[in-house]
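What follows is the residue order along each chain.
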Amino acid sequence: MGEQARIAVIGAGWAGIAAAVTCADAGAAVTLFEAGRVAGGRARSVNIAGRTLDNGQHILLGAYHETLALMRQVGADPQRMFSRRPLCLLEGDTFQLRLPNLPAPLHLAAGLLGAHGVSWREKIRTALWMQGIKWRKFRLDQTQSVAEWLDAAGQTGALRRHLWEPLCLAALNTAPEQACAQLFAHVLRDSLGSPQREATDLLLPRVPFGELLPEPALAWLAQRGAGLRLGQRVRQLAGTRIDDEDFSAVIVAVAPHHLSRLLPAVPDTFSYEPIATVYLDYGAQTVLPFPLRHLGAGTTAWAIDRGQGMIGCAISGHGDWETLADDALAARMADALGLGAPHWQQVIREKRATFSARPGLRRPDYRTDHPRVFLAGDYTWADYPATLEGAVRSGRRAAFAAIQASKRPA
């Protein structure tokens, strides 16, 4: 690289962290700017009433290869930090689907055929439908919604209600009637449709999200001399000049609704979807039979057992829950969970948790009008909806581009 490149990364969410680590690993002098005092963006830890919680409940999959590789790179051991479980989807006594420990695709076929609450006719029809999707290499009509796709396939029974629609809402944070079928197909391609059985595994965090990546990544960067400027908002970006400093290249890894302040030529064309996480503490003696459970009963919520009796209920996408006060929303989750009244509760709402993953969505390229300024963020990784894996991949891509740009004469 000749003279050491100075690369700035604006934003310390998972995309910005991935970019900063990749640049530092390539030998660049990295400066990481973050307006908040805590790194991690929409997947960070927060301290409330002496408890360390996450600002949103996230579930990772074994298919998150780049995310797991990044964790290992900065010294965070996924084997220790996650409870890895074969995919198991439960909704009380109404529906159960468990994937056995068999090679792919046998595990999916066996799980589907053994699903409880689904007729044999629907199981066979769905197996044939999924095989057809694989033959078409998961390529769909770009204008189709998930609901339209399922309607056209005759997927109108129990699997739609208990599998496809809940998975769509969990993965895209967008209701099936508005969600992009092609993006959902990409998610299925890399999870249920993957040739690797491990891709469908659930990765349930044993530690707060800050310990999964943001905190070890910052320590790793500090050891390599990176400048970590938490709590410092960038006032102005002019080419590769940030406020009063010049850099070889800049990676902008802020949320899309903050882009226009730094890059007016990149307008925010997104609409947004909310997520609420309702934490219910029942005491250390309370354990769910399986640590992930779909609550059903019209709640659209998933309950995650975080250990020591703390249950996190994640509610995705727009819905009537948005009109409820925190106490009423917590009471609704407690009723759906059926464990009685909790000892303690807390509601965390993210009004713009993700972009709305709709058909025909225009997403910005990672390249900008300036040859040394690049974008990173899940919204730039067009193959996926808003996911941590998409964020990490986008950060690495922007970093490689910034490193190459730094080698060229100014």
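Whatever comes next refers back to the structure up there.
Residues numbered from 1 in each chain as written. Predicted model: local features only at pLDDT ≥ 70, side-chain atom pairs only at ≥ 80, totals over all residues. Heavy atoms only, no water.

Asker: In this structure, what is going on with the packing of aromatic side chains? I would like to understand it.
Answerer: For any pair of aromatic rings, the description consists of the separation of the ring centres together with the inter-plane angle of the planes. Under the definition given, this model contains eight aromatic pairs. Ring centres of Trp-129 and Trp-164 lie 5.5 Å apart, and the angle between their planes is 80°; on these two criteria the pair is classed as edge-to-face. Residue Trp-129 is found in helix α5 (residues 120-135), and its partner Trp-164 is found in helix α7 (residues 158-172); the two are separated by 35 residues along the sequence. In this structure, Trp-129 and Trp-164 share a single accessibility class: buried. Each ring, one from Phe-270 and one from Tyr-379, has its centre 6.0 Å from the other, and the planes form 70°; the classification is edge-to-face. (Phe/Tyr/Trp six-rings, centres within 6.5 Å; stacked < 30°, edge-to-face > 60°. Helix = DSSP H or I, 4+ residues; strand = E, 2+ residues; numbered from the N terminus. Buried < 20%, exposed > 50% of the residue type's maximum accessible area, 1.4 Å probe, protein only.)

Asker: Sorry if this is basic, but what is going on with empty space enclosed by the protein here?
Answerer: Unfilled space is identified by rolling a water-sized probe across the atoms. Under the counting rule described, the total for this entry stands at three cavities of 30 Å³ or more. Taken together, Leu-87, Leu-97, Leu-99, Leu-108, Leu-112, Met-130, Leu-163, Trp-164 and Leu-192 make up the lining of the largest cavity. Listed by contribution, the elements that provide at least two residues to the lining of the largest cavity are α4 (106-113) and α7. (1 Å grid on protein atoms, 1.4 Å probe; cavity = no way out; pocket = protein on both sides within 12 Å on 5 of 7 lines; lining within 4 Å. Points joined across faces, edges and corners; volume = space filled by probe spheres on them.)

Asker: Before we go on, may I ask you to explain the packing of α7 against helix α8 (residues 181-190) in this structure?
Answerer: Each packed pair of helices is defined by two parameters, the angle between the axes and the distance between the axes. Close contact between α7 and α8 brings their axes to 10 Å; oriented N to C, the two are set at 95°. When the interaxial angle is binned, α7 and α8 end up roughly perpendicular. Together, Trp-164, Leu-167, Cys-168, Ala-171 and Leu-172 of α7 and Leu-183, Phe-184, Val-187 and Leu-188 of α8 make up the contact between the two elements. Class assignment for the residues of the contact of α7 with α8 results in nine nonpolar, no polar and no charged. (Axes fitted to C-alpha atoms, helices over the stretch in contact; angles between N-to-C directions. Parallel < 35°, antiparallel > 145°, perpendicular 65-115°, else oblique. Contact = heavy atoms within 4.5 Å. Nonpolar A, V, L, I, M, F, W, Y, C, P; charged D, E, K, R; others polar.)

Asker: What should I look at first to understand a nonpolar patch on the surface in this one?
Answerer: A contiguous nonpolar surface patch, about 420 Å² in accessible area, is contributed by Leu-113, Trp-120, Ile-124 and Leu-128. The leading source of residues in the nonpolar patch is α5, at three residues. Here Leu-113 shows up in helix α4. The exposure class assigned to Leu-113 is partly exposed, which follows from its relative accessible area of 32%. (Patch = residues over 30% accessible without salt bridge, like charges linked within 9 Å, V, L, I, M, F, W, Y side chains within 5 Å. Areas by Shrake-Rupley, 256 points an atom, 1.4 Å probe, with all protein chains shown as cover. Salt bridge = Lys/Arg side-chain N within 4 Å of Asp/Glu carboxyl O.)

Asker: Whenever I open this one, the state of the cysteines confuses me. Can you help?
Answerer: Here, the word disulfide means a covalent bond between the sulfur atoms of two cysteines. In total, this model carries zero disulfides according to the counting rule given. Of all cysteine sulfurs in the structure, the one in Cys-180 sits closest to Cys-168, which takes part in no disulfide; the separation is 9.6 Å. A relative accessible area of 0% means that Cys-168 is categorised as buried. (Disulfide = S-S within 2.5 Å.)

Asker: Where do I start with the packing of α4 against α5 in this structure?
Answerer: The contact between α4 and α5 brings their axes to 9 Å, and the two run at 155°. One element, α4, and the other, α5, form an angle in the roughly antiparallel class. Between α4 and α5 lies a crossing whose hand is right-handed. Contacts between α4 and α5 involve Leu-108, Leu-112 and Leu-113 from the former and Trp-120, Lys-123, Ile-124, Thr-126, Ala-127 and Met-130 from the latter. When its residues are assigned to classes, the contact of α4 with α5 shows seven nonpolar, one polar and one charged. (Left-handed = near helix turned anticlockwise from the far one by under 90°.)

Asker: Can you walk me through the side chain of His-294 in this structure?
Answerer: Position of His-294 among the secondary structure elements: in strand β16 (residues 292-294). There is a polar contact of 2.9 Å between the side chain of His-294 and the side chain of Glu-91. Contacts of His-294, omitting those with residues within four sequence positions, involve Leu-90, Glu-91, Pro-166, Thr-300, Ala-301 and Trp-302. (Polar contact = N/O pair within 3.5 Å; in protein donor to acceptor, adjacent residues only side chain to side chain.)

Asker: Explanation requested: the sheet that holds strand β19 (residues 344-355) in the structure shown.
Answerer: Sheets are built from strands paired through backbone hydrogen bonds, the pairs being either parallel or antiparallel. Spatially, β16-β17-β18-β15-β19 is the arrangement adopted by the five strands of the open sheet, whose pairing is antiparallel. At either end of the open sheet lies a strand with only one pairing partner, and these are β16 and β19. Averaged over all pairs of adjacent strands, the angle between their axes in this sheet comes to 20°, without regard to strand direction. Both strand β15 (residues 272-281) and strand β18 (residues 310-316) contribute to a ladder of seven bridges, which runs antiparallel. (Pairing = 2+ DSSP bridges.)

Asker: Sorry, what's going on with the pattern of salt bridges here?
Answerer: Side chains bearing opposite charge may pair, as long as their charged atoms lie close to each other. Enumeration according to the criterion identifies 19 salt bridges in this entry. Measuring nitrogen to oxygen at the nearest pair gives 3.1 Å for the salt bridge that ties Asp-320 to Arg-332. You can see Asp-320 sitting in the loop between β18 and α12 (326-337) and its partner Arg-332 sitting in helix α12, a full 12 residues away along the chain. The salt bridge involving Asp-365 is made with Arg-367; its shortest N-O contact spans 2.8 Å. Since its relative accessible area comes to 36%, Asp-365 is described here as partly exposed. One connected set of salt bridges, linked through shared partners, spans Arg-6, Arg-229 and Glu-245.

Asker: Even after reading the chapter, I still don't get α8, so can you show me in this structure?
Answerer: In an α-helix, one turn spans 3.6 residues, which is why side chains three or four residues apart end up on the same side. Counting buried residues in α8 gives eight out of 10 residues, a clear majority hidden from the surface. All of the buried residues along α8 are Ala-181, Gln-182, Leu-183, Phe-184, Ala-185, His-186, Val-187 and Leu-188. Looking at the buried residues of α8, the elements they touch are α6 (146-152) and α7.

Asker: Explain unusual backbone geometry here, please?
Answerer: Leaving glycine aside, a negative phi is the common case for residues, and trans is the common case for peptide bonds. The linkage connecting Ala-104 with the following residue, Pro-105, adopts the cis geometry, with an omega of 0°. Looking at the secondary structure, you find Pro-105 in the loop between β8 (95-98) and α4. Here the phi dihedral of Phe-138 falls at roughly 60°; this positive angle occurs in a residue that is not glycine. With respect to the helices and strands, Phe-138 occurs in the loop between α5 and α6. For Phe-138, a relative accessible area of 10% corresponds to the buried category. With phi around 50°, Asp-243 is a residue other than glycine that occupies positive phi space. As for its placement among the helices and strands, Asp-243 is situated in the loop between β12 (241-242) and β13 (245-246).

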